[in-house]
Amino acid sequence: MHGIVEERLIVAETIEEARDALRQGRAVLAGGSWVMRAPVRGQALPERLVSVGRIAALSRVEVEENEYVIGAAVTHFALTEALRDVPQLTGLVTAAATSANPAVRRVATLGGNLCCVDFAASDFAPALLACGALVYLETAQGPATLPMAEFLARRAEVLPRALLTGVRVPRSVRASAHQRLPMRKAGDYPVAIVSMAICGGELHIAVGSVEPIARRWTVLEQALDGRTLNPERAAELAATLNDFKGRDGIEADGWYRREVLPALVRRCTAALLSGESK
Ligand SMILES: Cc1cc2nc3c(=O)[nH]c(=O)nc-3n(C[C@H](O)[C@H](O)[C@H](O)COP(=O)(O)OP(=O)(O)OC[C@H]3O[C@@H](n4cnc5c(N)ncnc54)[C@H](O)[C@@H]3O)c2cc1C
């Protein structure tokens, strides 16, 4: 019995052990909140897993001179606790503190969230896109770094053979905000998400859950560039520059996800401005 359990699941203590296990065809197990629900989604559980939750190097949040370094195995709860006193990262902390429900937030990790390839409603994806984060990976060829947008676009191809080790958020982020619209009650997947950040003087706006992959809203960023930010004006521009193709899903139709964006932009702009003035 012990042998069967060991064969099905091994626990890595180092990044190298996890990387070697991936090479042998094992899938990563982090918090398990997504992997273990595979049967609920009509999918098969992975046959062989490597747990990464005990790798110390993946479980840290560090403030370096130019970056915040967040390990892949940091849970939503731990991220909230570690960064709640950093006002510049209010957007990211809000994403961590308001996603899912308290039980999921205690076990679900940043890496697991970003590596759920078919999950469009990630709160971290738009929050990290807005902050200009870089994603760090350990691949069979060695360490690799990808900008967040490229990681999201390529993760289906990259991930089966790569371990996400963490993300780095530049300390040039001056202020950030995150607004989401859950459909019925806390714990539901968000219908649409808007994250904003001011990075090195530039306004970044990212949208999640509306299309299959989160992305920056560049036409709106350009229209707002150089203007004094105003929530009502930002919402008006969001309505006229809405170039999203909403995805149909269980929580909402695609048209509805598009329609709620101007209101989320108004709220997010107001939250960003109130954070900036603190
Ligand atoms: C009820 C419920 C509500 C939810 N609501 C929200 C929500 O509102 N917002 C939101 O953002 N999320 C939501 N989620 C998703 C949740 O955030 C994810 O389930 C969670 O982040 C996955 O993290 P995990 O550590 O449990 O990953 P796991 O389930 O362990 O793994 C998830 C996937 O990522 C892979 N993986 C994990 N870590 C790595 C790594 N370091 N490198 C490479 N691959 C890796 C695994 O192999 C697997 O494919 C919800 C989940 C549930 C169950």
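To keep things clear, this report deals only with the structure shown in the data block. (Residues numbered from 1 in each chain as written. Predicted model: local features only at pLDDT ≥ 70, side-chain atom pairs only at ≥ 80, totals over all residues. Heavy atoms only, no water.)

1. A closer look at the sheet that holds strand 6 (residues 134–139)
Link 1 in the chain: Spatially, five strands are ordered 4-5-8-6-7 in an open sheet, and the strand pairing comes out antiparallel. Pairing within the sheet leaves two strands with one partner each, and these edge strands are strand 4 (61–63) and strand 7 (142–147). Ignoring which end each strand starts from, the neighbouring axes of this sheet average 20° apart. (Pairing = 2+ DSSP bridges. Helix = DSSP H or I, 4+ residues; strand = E, 2+ residues; numbered from the N terminus. Axes fitted to C-alpha atoms, helices over the stretch in contact; angles between N-to-C directions.)

2. So, the side chain of Arg 26
Link 1 in the chain: Residue placement: Arg 26 occurs in the loop between helix 2 (15–23) and strand 2 (27–29).
Link 2 in the chain: Buried within the structure, Arg 26 lacks any salt-bridge partner; its nearest side chain of opposite charge belongs to Glu 7, at an N-O separation of 4.2 Å.
Link 3 in the chain: Only 2.9 Å separates the side chain of Arg 26 from the backbone oxygen of Glu 7, close enough to count as a polar contact.
Link 4 in the chain: A distance of 3.0 Å separates a polar side-chain atom of Arg 26 from the backbone oxygen of Leu 49. (Buried < 20%, exposed > 50% of the residue type's maximum accessible area, 1.4 Å probe, protein only. Lys, Arg positive; Asp, Glu negative; His and termini not counted. Salt bridge = Lys/Arg side-chain N within 4 Å of Asp/Glu carboxyl O. Polar contact = N/O pair within 3.5 Å; in protein donor to acceptor, adjacent residues only side chain to side chain.)

3. Focus: the pattern of salt bridges
Link 1 in the chain: If you walk through the whole model with that rule in mind, you get 17 salt bridges.
Link 2 in the chain: Across the pair Arg 266 and Glu 232 runs a salt bridge whose closest N-O atoms are separated by 3.8 Å. In this pair, Arg 266 sits in helix 12 (residues 261–276) while Glu 232 sits in helix 10 (residues 231–240), placing the two residues 34 residues apart along the sequence.
Link 3 in the chain: Classification of Arg 266 by relative accessible area gives partly exposed; the value is 31%.
Link 4 in the chain: Across the pair Glu 236 and Arg 233 runs a salt bridge, and its minimum N-O distance is 3.2 Å. Placement of both Glu 236 and Arg 233 in helix 10 is noted, with a separation of three residues, approximately one turn of the helix.
Link 5 in the chain: The partly exposed category is assigned to Glu 236, whose relative accessible area is 45%.
Link 6 in the chain: Each of Arg 19, Asp 20, Arg 23 and Glu 138 takes part in salt bridges that share partners, so that together they form one network.

4. Focus on empty space enclosed by the protein
Link 1 in the chain: Tallied over the full model, the rule gives one cavity of 30 Å³ or more.
Link 2 in the chain: As a volume, the largest cavity reaches approximately 60 Å³.
Link 3 in the chain: Together, Leu 114, Phe 119, Ala 120, Ser 122, Ala 125, Leu 152, Arg 155, Pro 212, Ile 213 and Ala 214 line the largest cavity. (1 Å grid on protein atoms, 1.4 Å probe; cavity = no way out; pocket = protein on both sides within 12 Å on 5 of 7 lines; lining within 4 Å. Points joined across faces, edges and corners; volume = space filled by probe spheres on them.)

5. Topic: the site of the ligand
Link 1 in the chain: The environment of the ligand is made up of 34 residues, and the closest members are Val 28, Ser 33, Trp 34, Thr 109 and Asp 123.
Link 2 in the chain: Gly 31 places a main-chain nitrogen or oxygen 2.7 Å from an oxygen atom of the ligand.
Link 3 in the chain: Within the contact set of the ligand, an oxygen atom lies 2.8 Å away from a backbone nitrogen or oxygen of Gly 32.
Link 4 in the chain: In isolation the ligand exposes 970 Å². Once the protein is present, 92% of that is buried.
Link 5 in the chain: Secondary-structure elements contributing two or more residues to the shell around the ligand are strand 2, helix 6 (110–115) and strand 8 (163–170).
Link 6 in the chain: In terms of residues, the shell around the ligand owes the most to one element, helix 6, which gives four residues.
Link 7 in the chain: The residue inventory of the shell around the ligand, partitioned by class, reads 19 nonpolar, eleven polar and four charged. (Near = heavy atom within 4 Å. Areas by Shrake-Rupley, 256 points an atom, 1.4 Å probe, with all protein chains shown as cover. Nonpolar A, V, L, I, M, F, W, Y, C, P; charged D, E, K, R; others polar.)

Keep in mind these values describe shape, not function.
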